[in-house]
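So you can see what is in the structure, the chains are spelled out below.
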Amino acid sequence: MNSINEPDKARNGSLEKNIQTNFEKSMSYGDYLQLDQILSSQHRLSDHHDEMLFIVIHQASELWMKLILHEMTAATACIKQNQLEESFKMLSRVSRIQQQLIQSWSVLSTLTPAEYMEFRDKLGQSSGFQSYQNRLIEFALGNKNIHTLAVYQHEPELYKKMTLALKEPSIYDAAINALAVRGLPIDEKALNRDWSQKYEPNESVEEAWLTVYRNVDQYWDLYELGEKLVDIGSQQQAWRFNHMSTVERIIGHKQGTGGSSGVTYLKRALDQHFFPELWTLRTKL
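Quick summary incoming for the structure in this document.

What counts as what
- Residues numbered from 1 in each chain as written.
- Predicted model: local features only at pLDDT ≥ 70, side-chain atom pairs only at ≥ 80, totals over all residues.
- Heavy atoms only, no water.
- 1 Å grid on protein atoms, 1.4 Å probe; cavity = no way out; pocket = protein on both sides within 12 Å on 5 of 7 lines; lining within 4 Å.
- Points joined across faces, edges and corners; volume = space filled by probe spheres on them.
- Helix = DSSP H or I, 4+ residues; strand = E, 2+ residues; numbered from the N terminus.
- Nonpolar A, V, L, I, M, F, W, Y, C, P; charged D, E, K, R; others polar.
- Axes fitted to C-alpha atoms, helices over the stretch in contact; angles between N-to-C directions.
- Left-handed = near helix turned anticlockwise from the far one by under 90°.
- Contact = heavy atoms within 4.5 Å.
- Core = buried A, V, L, I, M, F, W, Y, C linked by side-chain atoms within 4.5 Å.
- Buried < 20%, exposed > 50% of the residue type's maximum accessible area, 1.4 Å probe, protein only.
- Polar contact = N/O pair within 3.5 Å; in protein donor to acceptor, adjacent residues only side chain to side chain.
- Phe/Tyr/Trp six-rings, centres within 6.5 Å; stacked < 30°, edge-to-face > 60°.
- Lys NZ or Arg CZ within 6 Å of the ring centre and 35° of its normal.
- Patch = residues over 30% accessible without salt bridge, like charges linked within 9 Å, V, L, I, M, F, W, Y side chains within 5 Å.
- Areas by Shrake-Rupley, 256 points an atom, 1.4 Å probe, with all protein chains shown as cover.
- Salt bridge = Lys/Arg side-chain N within 4 Å of Asp/Glu carboxyl O.
- Lys, Arg positive; Asp, Glu negative; His and termini not counted.
- Charge placed at Lys NZ, Arg CZ, Asp CG, Glu CD.

**Considerations on the layout of surface pockets**
At step 1: As a volume, the second largest pocket reaches approximately 330 Å³.
At step 2: Thr-73, Ala-140, Ala-165, Glu-168 and Pro-169 are the residues nearest the centre of the second largest pocket, which is lined by 16 residues in total.
At step 3: Counting residues per element, the ones that place at least two in the lining of the second largest pocket are helix H4 (51-80), helix H7 (132-141) and helix H8 (156-166).
At step 4: Its residues assigned to classes, the lining of the second largest pocket comprises nine nonpolar, three polar and four charged.

Written out as structure tokens, the structure reads:
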């Protein structure tokens, strides 16, 4: 019989001749991503089918949060160095990642109250409230609260890391400094403040942003920076809202596993806005 030619082999399901199949001495896809570690880290504490969903959603969210922090740290460094345009791609990526996190709540909402109650007691006092990466994101956006560090005291190295992050300028502090660098008048108390405190609105900052938004051609890069921050702040609020509504859908107004008031606490968090002057200026434009 005549041998099958290469196109015929491909049609019959054979691999293309150049596809690598021997990984005894080279790195494979799974090796690079360390999939053996990642995919063996889902340990259900119950026999309930839906606990796997609960674990995977939260682990995947933490991976996305890690990338947000990676991009936010780099973007903040660029802004501090007055390299605003370099930060825009990073900030756009952050808002796209936030969309992934927001969408994850719709997947978790397929978990019904009765299903969740089958394994909720296995969680003990662990709670999403304790997510240190989410707390670091809040710090990076300017929502500082020293009291939240108490839940990390049992891990000295993490507690130290969180304390240092609390005392670092947020991305909004970096943006305000960028306004001053461009010659826009900013109160000294807004430029040199206690970074560990939650940011409070400042009239001079609002006036500076108003100047930017009224003179877009002159301050295009600052204007674009402002809009990138609004995107991120808006997405973070949407994530908070979807978190709250998903929790309410699954457990109603029960107390959270970590001891918080649950939905009541999450609703209060919705009142904590980011980058206040970038929102109030819109009324005055």
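Picking up where we left off.
**A short note on the packing of H7 against helix H12 (residues 220-251)**
At step 1: Between H7 and H12, the shortest axis-to-axis distance is 12 Å and the interhelical angle comes to 145 degrees. Between H7 and H12 lies a crossing whose hand is left-handed. Contacts between H7 and H12 involve Asn-134, Ile-137, Glu-138 and Leu-141 from the former and Ile-232, Gln-236, Trp-239 and Arg-240 from the latter.

**Examining the nonpolar core**
One broad trend across soluble globular proteins is that nonpolar side chains are buried collectively.
At step 1: Of all hydrophobic cores here, the largest spans 68 residues; its most connected members are Ile-171, Tyr-172, Trp-209 and Leu-278.
At step 2: The residues contacting Ile-171, other than those within four sequence positions of it, are Met-72, Ala-75, Thr-76, Ile-79, Leu-91, Ala-140, Leu-141, Leu-229 and Phe-275.

**Structural notes on the environment of Leu-266**
At step 1: Tracing the chain through its elements places Leu-266 in helix H13 (residues 263-269).
At step 2: Residue class for Leu-266 comes out buried when judged on its relative accessible area of 13%.
At step 3: Sequence separation between Leu-266 and Ser-245 is 21 residues; the distance between their C-alpha atoms is 9.0 Å.
At step 4: Ignoring sequence-local partners within four residues, the contact set of Leu-266 consists of His-243, Met-244 and Val-247.

**A look at the side chain of Glu-138**
At step 1: Residue placement: Glu-138 occurs in helix H7.
At step 2: Of the polar contacts made by the side chain of Glu-138, one reaches the side chain of Asn-143; its length is 2.7 Å.
At step 3: In contact with Glu-138, not counting residues within four places along its chain, are Asn-143, Gln-236, Arg-240 and Phe-274.

**Side note on the packing of aromatic side chains**
At step 1: Summed over all chains, the structure comprises 10 aromatic pairs.
At step 2: Ring geometry for Phe-54 against Phe-119: centres 5.7 Å apart, planes inclined by 65 degrees, an arrangement best described as edge-to-face. Pair noted here: Phe-54 is in helix H4 and Phe-119 is in the loop between helix H6 (113-117) and H7, with a separation of 65 residues, a long-range link. Residues Phe-54 and Phe-119 agree in their burial class; the two are buried.
At step 3: Taken together, the aromatic side chains of Tyr-172, Tyr-199, Phe-274 and Phe-275 make up a single cluster linked through ring pairs.
At step 4: Over the aromatic face of Trp-279 sits the side chain of Arg-282, whose NZ or CZ is 5.7 Å from the ring centroid.

**Describing empty space enclosed by the protein**
At step 1: Throughout the structure, instances matching the rule amount to one cavity of 30 Å³ or more.
At step 2: If you add up the space inside the largest cavity, you get close to 50 Å³.
At step 3: Taken together, Met-65, Ile-68, Gln-98, Leu-101, Asn-134, Ile-137, Gln-235, Gln-236 and Trp-239 form the lining of the largest cavity.
At step 4: Among the elements of the structure, H4, helix H5 (84-108), H7 and H12 are those that each provide at least two residues to the lining of the largest cavity.
At step 5: In terms of residue count, the dominant contributor to the lining of the largest cavity is H12 (three residues).
At step 6: Considered class by class, the residues forming the lining of the largest cavity number five nonpolar, four polar and no charged.

**A closer look at a negative patch on the surface**
At step 1: On the surface, a cluster of negative charge is contributed by Asp-187, Glu-188, Glu-203 and Glu-207.
At step 2: Checked against the element boundaries, Glu-203 lands in helix H11 (residues 203-214).

**Digging into the pattern of salt bridges**
At step 1: For the structure shown, the criterion picks out seven salt bridges.
At step 2: The closest approach of N and O atoms between Arg-193 and Asp-173, which form a salt bridge, is 3.0 Å. With Arg-193 in the loop between helix H10 (188-191) and H11 and Asp-173 in helix H9 (residues 171-181), this pair connects stretches of sequence that are 20 residues apart.
At step 3: Taking the shortest distance from any N to any O, the salt bridge between Asp-221 and Arg-182 comes out at 2.8 Å. Linking Asp-221 in helix H12 with Arg-182 in the loop between H9 and H10, this pair joins segments that are 39 residues apart in sequence.

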